[in-house]
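Each chain, written out:
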There are 2 protein chains.
Amino acid sequence: MPKYHDQLDVVLRALADPTRRAVVERLAKSPAVVSELAAPFSMALPSLMQHLRVLEDAGVVTSQKHGRVRTVSLRPGALDVLHLWLGEQRTPAEHQADRLGLHLTRTTPKGT
Amino acid sequence: MPKYHDQLDVVLRALADPTRRAVVERLAKSPAVVSELAAPFSMALPSLMQHLRVLEDAGVVTSQKHGRVRTVSLRPGALDVLHLWLGEQRTPAEHQADRLGLHLTRTTPKGT
């Protein structure tokens, strides 16, 4: 699956930066305009725009321009490729723990 | 949490390479000696050793030398930091889907 691995490469590289992760964390709550995204960072707007471009190229975010305002959103399912890969790396011990967790979920009465 | 984010940086960077991910995929099944890990790759051993060093520095794998044989293992909980961060990025719509999934798990009779 070369395409799957290419996508993993770009998503992982895009997320391997604290500013870009902070942007993703903010967008997980709701879409935001660029000025809102820039507010928490003490960096020039062109630097932030460059980070946004990396995230957009990786397919993690999308953006739409209405007049002079650009709104950025987390792309639905953007992190699925990472969830999928991580899920596949569960060790035999972790699979056993999962089964125990599911058993407890099924046998524990609701509301406890 | 600067330490948490530093760790995320190094783990994400370590995984943003298809050879290193292939090594992690192999080690998720069981520990392996270096020659076993090298077998599927058409690369010189020193290059593979360099990839292993990146994974070890990131805390993703550990290794032990017995005589002339080095055995490499996935460090237990090595990917937890990534699971944790990904879990935090669930959007409101995904949280709703989670609750539905849990409800179905609880209300669907066992074995169906």
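Values in this document were obtained by computation on a predicted structure and should not be read as measured data.

Chemist: Help me out: how do you make sense of helix H2 (residues 18-29) of chain A in this one?
Modeler: The α-helix winds at 3.6 residues per turn, so residues separated by three or four positions along the chain end up facing the same way. All names here are of chain A. Spanning twelve residues, H2 covers 17 Å between terminal C-alpha atoms, matching the ideal 16 Å at 1.5 Å per step. Restricting attention to buried positions, one finds in H2 the residues Thr-19, Arg-20, Arg-21, Val-23, Val-24, Leu-27 and Ala-28. The N-terminus of H2 is capped by Asp-17, whose side-chain oxygen sits 2.9 Å from the backbone nitrogen of Thr-19.

Chemist: Help me out: how do you make sense of helix H5 (residues 80-88) of chain A in this one?
Modeler: Listed in full, the buried residues belonging to H5(A) are A:Val81, A:Leu82, A:Trp85 and A:Leu86. The buried residues of H5(A) occupy one face: seen down the axis, they fall within an arc of 130 degrees.

Chemist: What should I look at first to understand the interface of chain A and chain B in this one?
Modeler: Accessible area lost during the coming together of the parts is what is often quoted as the interface size. Contacts between chain A and chain B engage 30 residues on the former and 30 residues on the latter. Of all residues in chain A, the largest losses of buried area upon contact with chain B belong to A:Arg21, A:Trp85 and A:Leu86, amounting jointly to 21% of the total for that side. The tally of links between chain A and chain B comes to two salt bridges. Across the pair B:Arg21 and A:Asp9 runs a salt bridge, and its minimum N-O distance is 2.8 Å. Along the contact surface separating chain A from chain B lie six residue pairs in polar contact (both at pLDDT 80 or more). Counting only elements with at least two residues in the side of chain A that touches chain B, the list comes to helix H1 (2-15), H2, H5 and helix H6 (92-107) of chain A. Looking at side-chain class alone, the side of chain A that touches chain B contains 14 nonpolar, six polar and ten charged residues.

Chemist: Can you walk me through the packing of helix H2 (residues 18-29) of chain B against helix H4 (residues 45-57) of chain B in this structure?
Modeler: A pair of packed helices is characterised by two quantities: the angle between their axes and the separation of those axes. Residue and element names in this part refer to chain B. Packing of H2 against H4 brings their axes to within 10 Å, and their N-to-C directions diverge by 70 degrees. Relative to H4, H2 is oriented roughly perpendicular. Contacts from Thr-19, Arg-20, Val-23 and Val-24 in H2 reach Leu-48, His-51, Leu-52, Val-54 and Leu-55 in H4. Across the contact of H2 with H4, the residue classes break down as six nonpolar, two polar and one charged.

Chemist: Help me out: how do you make sense of the sheet that holds strand E1 (residues 32-33) of chain A in this one?
Modeler: Strands pair in a sheet through their backbones, by hydrogen bonds, and they do so in one of two ways: parallel or antiparallel. All names here are of chain A. With antiparallel pairing, the three strands of this open sheet are ordered in space as E1-E3-E2. Only two strands of the sheet have a single partner each, and these edge strands are E1 and strand E2 (61-66). Relative to strand E3 (residues 69-74), E1 runs antiparallel, the two being bridged by two bridges. Paired with Ala-32 across the strands is Val-72, a residue of E3. Against the sheet, H2 touches E1, E2 and E3, its axis set at about 90 degrees to E3. Packing against the sheet, helix H4 (residues 45-57) makes contact with E2 and E3, and its axis sits at approximately 120 degrees to E2.

Chemist: Explain the relation of the copies chain A and chain B to me, please; I cannot follow it from the model alone.
Modeler: Superposition of the two copies of the chain requires a rotation about an axis together with a shift along that axis. For the pair chain A and chain B, the best superposition has an RMSD of 0.1 Å and corresponds to a rotation of 180 degrees with a translation of 0.0 Å parallel to the axis. Taken together, the rotation angle and the small translation identify this as a two-fold axis. Mapped onto chain B, 97% of the interface residues of chain A again fall at the interface, so both copies present the same surface.

Cut-offs used in this document
Residues numbered from 1 in each chain as written. Chains lettered and ligands numbered in written order. Predicted model: local features only at pLDDT ≥ 70, side-chain atom pairs only at ≥ 80, totals over all residues. Heavy atoms only, no water. Helix = DSSP H or I, 4+ residues; strand = E, 2+ residues; numbered from the N terminus. Expected span 1.5 Å × (residues − 1). Buried < 20%, exposed > 50% of the residue type's maximum accessible area, 1.4 Å probe, protein only. Polar contact = N/O pair within 3.5 Å; in protein donor to acceptor, adjacent residues only side chain to side chain. Arc of directions from axis to C-beta. Contact = heavy atoms within 4.5 Å. Buried area = accessible area lost by both parts, 1.4 Å probe. Salt bridge = Lys/Arg side-chain N within 4 Å of Asp/Glu carboxyl O. Nonpolar A, V, L, I, M, F, W, Y, C, P; charged D, E, K, R; others polar. Axes fitted to C-alpha atoms, helices over the stretch in contact; angles between N-to-C directions. Parallel < 35°, antiparallel > 145°, perpendicular 65-115°, else oblique. Pairing = 2+ DSSP bridges. Least-squares fit on C-alpha atoms with pLDDT ≥ 70 in both.

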